[in-house]
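# Observations on the model geometry
Letter by letter, the chains look like this.
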Amino acid sequence: MSATIRPRIGIIGTGAIGGFYGLLLARAGFDVHFLLRSEFATVAAEGLRLDSAVFGTVHLPALQAYRDAGDMPPCDWLLVGAKTTSNVALAPLITQAAASGAKVVLLQNGLGVEDELRPLLPATLHLLGGLCFICVHRAAPGLIVHQSLGAVNLGYHSGPAADAEARQALVEEGVALFKAAGLDSTAMPNLEQARWQKLVWNVPYNGLAVLLQAGTTALMAEAASRSLIEAIMLEVQQAALLCGHVLPDGFVGKMLAATARMPDYQPSMAHDFQQARPLELQAIYAAPLAAAAAVGGSMPRTEALYQALTFLDARNRV
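I will try to describe carefully the structure that is included in this document. All values derive from a computational prediction rather than experimental measurement. (Residues numbered from 1 in each chain as written. Predicted model: local features only at pLDDT ≥ 70, side-chain atom pairs only at ≥ 80, totals over all residues. Heavy atoms only, no water.)

### Looking at the environment of F34
The condition is simple: To qualify as a helix, a DSSP run of H or I must reach at least 4 residues; to qualify as a strand, a run of E must reach at least 2; elements of each kind are numbered from the N terminus. In what follows, residue pairs with any heavy atoms lying within 4.5 Å of each other are defined as contacts.
Relative to the elements of secondary structure, F34 occurs in strand β2 (residues 31–35). With twelve residues separating them in the primary sequence, F34 and G22 have C-alpha atoms 7.6 Å apart. For F34, the contacting residues outside a window of four places in its chain are I11, T14, G22, L23, L48, L63, Q64, A65 and Y66.

Below is the structure:
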């Protein structure tokens, strides 16, 4: 990909996810523009720093940072790293920052997030989903800590692409951006199935990290909690099957083994709870529960987790 034809990339939500991918894309020579809110003053003055177990220390002292989306130049790609709880409020910002025919990538967890956002965006914009497999968190204003992994897989959701070939070409274009930044990336032929696969991990670990106040190492060390995690994973996999999505053979076992090899990690929901931010309960719990119920399925463990988290979330933000 020649530097002279590299697209302009906008980051909507420069937290852990948006900051990580945006910083690496900028380091690779892309024209990247960062939208921030609470951390704008710090990042505008000091830049963005990444402390990574994979990439080492990366510091961009001078970022193209903005507090207002209206001040951003029109971007060809927009990577949305903000939480799903703010998607309705994000739609006008995306519209302001998007170039004509821009590709919008939701780097978010959960099910149905694209369906929620699509009616709020102009029909001329392409909407893609991005599945991030990464252990990363924001340690302080302008400081991102990356513990392991980093792959991001893309799938097309909707937009003006005329046919499957055109949609695939756009997804491959996005994959090429991440690969140019030194990251693993794969084009996903079925975005909804890919989101169900990600839920197999997100449903148990996010919720149990909040309920049991433990990271992945502790959760995997105890036989009782590991057994519960596996049961929830199998429940999510069965719900995916009822919804028409056959996950790869041995998928749950591979997820458990991969998590056991990871450094101790606090999932994003644990960080949100600790900082009294709204939990992503709709996308990670309510949406898959509703999808399973619509085809006659039930997810009793997931539903119990959702109910307990709803209680804690309400009390935590009073």
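Now, onward.
### Some remarks on the nonpolar core
Going by this rule: Take the buried residues of types Ala, Val, Leu, Ile, Met, Phe, Trp, Tyr and Cys, join any two whose side-chain atoms come within 4.5 Å, and each joined set is a nonpolar core. To sort residues, take the accessible area from a 1.4 Å probe on protein chains only and compare it with the maximum for the residue type: under 20% means buried, over 50% means exposed, and anything in between is partly exposed.
Core analysis: the biggest nonpolar cluster contains 43 residues, and I9, F20, Y21 and L25 have the highest contact counts within it. Top contributing element to this core by residue count: helix α1 (residues 16–27), with eight residues. Every residue in contact with L25, bar those within four places of it in the chain, is listed here: I9, F30, V32, L79, L177, F178 and A181. Judged by nonpolar contacts, the second largest core, of 37 residues, contains L208, I229, M262 and Y265.

### Here we look at helix α6 (residues 191–211)
The periodicity of an α-helix, 3.6 residues per turn, causes residues three or four positions apart to be oriented the same way. Counted only if it meets this: To estimate the expected span of a helix, subtract one from its residue number and multiply by 1.5 Å. Here the bend at a residue is taken as the angle between two axes, fitted respectively to the seven residues that end there and the seven that start there. Whenever a nitrogen or oxygen atom comes within 3.5 Å of another N or O atom, the pair is scored as a polar contact, on the condition that within protein one atom can donate a hydrogen and the other can accept it, and that pairs from neighbouring residues in sequence are kept only if both atoms are in side chains.
An ideal rise of 1.5 Å per residue puts 30 Å on 21 residues; α6 measures up with 29 Å between its terminal C-alpha atoms. At L199, α6 shows its strongest bend, of approximately 35°. Here α6 lies mainly inside the structure; 19 of its 21 residues are buried. Capping of α6 at its N-terminal end is provided by N190; its side-chain oxygen lies 3.2 Å from the backbone amide nitrogen of E192.

### Points about the pairing of strand β9 (residues 143–158)
Side chains on a regular strand alternate between the two faces of the sheet. Convention followed: DSSP-based pairing: two strands are paired if at least 2 bridges between them are found.
Pairing geometry for strand β3 (residues 48–52) and β9, over four bridges, is parallel. Following the sheet pairing, R49 is matched in β9 by L143. Of the pairings in the sheet, the one linking strand β8 (residues 126–140) to β9 comprises 13 bridges and is antiparallel in character. Bridging across to β9, L131 finds its partner in N153. As consecutive antiparallel partners, β8 and β9 are separated by two residues, and within that stretch G142 has a phi angle of approximately 80°, a positive value.

### Some remarks on the sheet that holds β2
To be explicit about the condition: To define axes, lines are fitted to C-alpha atoms, for helices over the stretch in contact only, and angles between the resulting N-to-C directions are given on a 0 to 180 degree scale.
The mixed open sheet is built from nine strands, whose spatial order is β4-β3-β9-β8-β7-β6-β1-β2-β5. Either end of the sheet is taken by a strand with one partner, and the two such strands are β4 (56–60) and β5 (64–66). Strand-to-strand twist in this sheet, taken as the mean axis angle between neighbours without regard to direction, amounts to 30°. α1 rests against β1 (8–12), β2, β3, β4, β6 (75–80), β8 and β9 of the sheet, and its axis sits at about 100° to β8. Sitting on the sheet, helix α3 (residues 87–97) touches β1, β2, β6 and β7 (98–106), and the angle it makes with β7 is about 135°.

### Quick look at the pairing of β6
Judged by how many residues are buried, β6 sits mostly within the fold: five of six residues are covered. Two strands pair when backbone bridges link them, and β1 and β6 are joined in this way by four bridges, in the parallel orientation. Pairing of I9 across the sheet is with W77, part of β6. Sheet topology places β6 next to β7; five bridges connect them, and they run parallel. The residue of β7 that forms the bridge with L78 is V104.

### Notes on helix α9 (residues 251–261)
Here is the rule: Here the arc refers to the set of directions running from the helix axis out to each C-beta atom.
Among all positions in α9, only F251, V252, M255, L256 and T259 are buried. The buried residues of α9 occupy an angular sector of 135° when the element is viewed end-on, so they sit on one face. Exposed side chains of α9 directed beyond 90 degrees from the buried face belong to K254 and R261. Residues of α9 that are buried sit in contact with α6, α7 (216–221) and α8 (223–242).

### As for the packing of α8 against helix α12 (residues 300–316)
Selection criterion: The scheme is simple: roughly parallel for angles under 35 degrees, roughly antiparallel for over 145, roughly perpendicular for 65 to 115, oblique for anything else. Amino acid classes used here: Ala, Val, Leu, Ile, Met, Phe, Trp, Tyr, Cys and Pro are nonpolar; Asp, Glu, Lys and Arg are charged; the rest, including Gly, are polar.
For the pair α8 and α12, the least separation of the axes is 8 Å and the interaxial angle reads 110°. Taken together, the axes of α8 and α12 lie roughly perpendicular to each other. Where α8 approaches α12, its residues L228, A231, I232, E235 and V236 are matched on the opposing element by P300, R301, T302 and L305. A per-class count over the contact of α8 with α12 returns six nonpolar, one polar and two charged.

### Details of the pattern of salt bridges
Put simply, the rule is: A carboxyl oxygen of Asp or Glu within 4 Å of a side-chain nitrogen of Lys or Arg is what we treat as a salt bridge.
Within this structure, the stated rule accounts for seven salt bridges. One salt bridge in this structure joins E235 and R301, with 3.8 Å as the shortest N-O distance. In this pair, E235 sits in helix α8 while R301 sits in helix α12, placing the two residues 66 residues apart along the sequence. We classify R301 as partly exposed; its relative accessible area is 41%. A salt bridge links D272 to R277; its shortest N-O distance comes to 2.8 Å. Under the relative-accessibility criterion, R277 is labelled partly exposed at 25%.

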